[in-house]
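Structure assessment
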Amino acid sequence: MEKSKIENYAKSLELISQTEYIDPKTQDFLFRLIEDNSTIPVILIDEKNNINFTKNIDSEITEDSIKLRKYAEKIIHQNMHVEIDLPDGKNHVYYSNSKLLNQLQYFPFIIIALILLFFLFSYWYFKTIRDTEKSYLWAGMAKETAHQIGTPLSSLMGWVELLKFEEIDQTPIQEIEKDINRLKHIAERFSKIGSTAELQTINLIDATQSTLHYLRERISQGIEINFITDYEEINVKLNPLLFSWVLENLIKNAADAMQNKGVLDIEIQQEGQFIVTSIKDTGPGIPQKIQKKIFQPGFTTKKRGWGLGLSLAKRIIEDYHRGKIFVSESSKEKGTTFKISLKR
């Protein structure tokens, strides 16, 4: 289209300059062909390489001879021209694509980019819906589990109260009562999944020690648990029931990984505006290829397990407490270190 337009433009120049007499209608027609070009940049260059005429080129270029010469060389290099005979000899009408045509050259790429964006958005949208459905599913299962635990738990509490009046050794009854209270806590934790967690200002040191005190009596004696910190009090906003559940889950997973024999270090440090709790074991480590999968709902490497523990732990820390939980380090030689980062 633009090429034929320039050819008509060039031939019109040639005819007007070479013909001594042209009837008014023809002359008017030729001038209209010349004027019709209002977008395509044109430079008329003679045999001596002189620039005799320009059209549709920015005045900033045409008013500066150096810039004009550079622009002319650029157009000549594109080798788009029409040769015409003028009274002073052979001339060449060099031209370049119009701004509109240059813009249209990028149009297919823009369309492709828009299509890719559409597919990416569609993928993100459906993934979000799917993840939301999964989230509601796990939350529903957690609440139903809490409800199901509640019924036999109430019955057990009643039987324990009756046993207290019997003339028997109360020591095992006291231990049973401790476990019943623990089950109450577990039911409360599951009931809070999917609900807005109530955060309180809690001393993280006391909350962690309380959880460790309970677990020391309930995991293998072959595991040495060390609590390491330089602080006596670090106050953070958290839900103690849910946070304790996260610690229990990580510690029990570590005990399973070490096959109930090894060293477990729980360390609390302050790193800038964050309080970091590290849980480090001496187990065989987590393979690199599955480290990003372990927090996904349903993923488990155990023969018996639903793959909910780490998924719920991640939700509790990141969604409810606005913190971070991640695998900091893992190898066969050094074991695995999980870190929980909470803002002060």
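As a reminder, the structure under discussion sits directly above these lines.
Residues numbered from 1 in each chain as written. Predicted model: local features only at pLDDT ≥ 70, side-chain atom pairs only at ≥ 80, totals over all residues. Heavy atoms only, no water.

1. Focus: the environment of Phe227
Where we set the bar: By the criteria applied, helices consist of DSSP H or I runs no shorter than four residues and strands consist of E runs no shorter than two, each listed in order from the N terminus. It only takes one pair of heavy atoms within 4.5 Å for two residues to be counted as in contact.
Inspection of the secondary structure puts Phe227 in strand β6 (residues 223–229). As a C-alpha pair, Phe227 and Ile205 span 22 residues in sequence and 9.7 Å in three-dimensional space. If we ignore the near neighbours within four places in the chain, the residues touching Phe227 are Ile205, Thr208, Gln209, Leu212, Arg216, Ile266 and Ile268.

2. Notes on the packing of helix α9 (residues 240–257) against helix α10 (residues 309–320)
To keep it simple, the criterion reads: Only the stretch in contact is used when fitting a helix axis, every axis being a line fitted to C-alpha atoms; angles between N-to-C directions are given from 0 to 180 degrees. Helix crossings are classified by the rotation of the near helix relative to the far one: an anticlockwise turn of less than a right angle makes the crossing left-handed, while a clockwise turn makes it right-handed. When residues are sorted by character, Ala, Val, Leu, Ile, Met, Phe, Trp, Tyr, Cys and Pro go into the nonpolar class, Asp, Glu, Lys and Arg into the charged class, and all the rest, Gly among them, into the polar class.
At their nearest, the axes of α9 and α10 sit 10 Å apart, and the two run at 145° to each other. Considering only the axes of α9 and α10, their crossing is left-handed. Across the interface between the two elements, Leu242, Phe243, Trp245, Val246, Asn249, Leu250 and Asn253 from α9 touch Gly309, Leu310, Leu312, Ala313, Ile316, Ile317 and Tyr320 from α10. Looking at side-chain class alone, the contact of α9 with α10 contains 11 nonpolar, 3 polar and no charged residues.

3. Examining the side chain of Thr277
For clarity, the cut-off: Exposure is judged per residue with a 1.4 Å probe applied to protein chains only, and the accessible area is read against the type maximum: over 50% gives exposed, under 20% gives buried, and values in between give partly exposed.
Topologically, Thr277 is positioned in strand β9 (residues 274–280). On the basis of relative accessibility, which here comes to 1%, the residue Thr277 falls in the buried class. Once residues lying within four places of it in the same chain are set aside, the contact partners of Thr277 are Leu204, Phe243, Leu247, Ile266, Glu267, Ile268, Phe338, Lys339 and Ile340.

4. Let's talk about the nonpolar core
What tends to happen in soluble globular proteins is that the nonpolar side chains get buried as a cluster. Just so we agree on the cut-off: To define a nonpolar core, start from buried Ala, Val, Leu, Ile, Met, Phe, Trp, Tyr and Cys residues and group those joined through side-chain atoms within 4.5 Å.
Val246, Leu264 and Ile340 are the most contacted members of the largest nonpolar core, which totals 44 residues. It is α9 that provides the largest number of residues to this core, a total of 9 residues. When neighbours within four sequence positions are excluded, Val246 is seen to be in contact with Ala313, Ile316, Ile317, Ile325 and Ile340. Ile45, Ile61, Leu68 and Ile75 belong to the second largest nonpolar core, which has 9 residues in total.

5. Considerations on helix α4 (residues 65–78)
Our working rule: Helix span is expected to be 1.5 Å times the residue number reduced by one. The arc in question is the one spanned by the directions pointing from the helix axis to the C-beta atoms.
The end-to-end C-alpha separation of α4 is 20 Å, in line with the 20 Å expected for 14 residues at 1.5 Å each. Taken as a whole, α4 has its buried residues at Leu68, Tyr71, Ala72 and Ile75. Considered in projection along α4, the buried side chains sweep an arc of 105° and stay on one side of the axis. Of the residues in α4, the exposed ones pointing more than 90 degrees away from the buried face are Ile66, Lys70, Lys74 and His77. Of the surrounding secondary structure, the elements contacted by the buried residues of α4 are β1 (42–45), β2 (51–55), α3 (59–62) and β4 (89–95).

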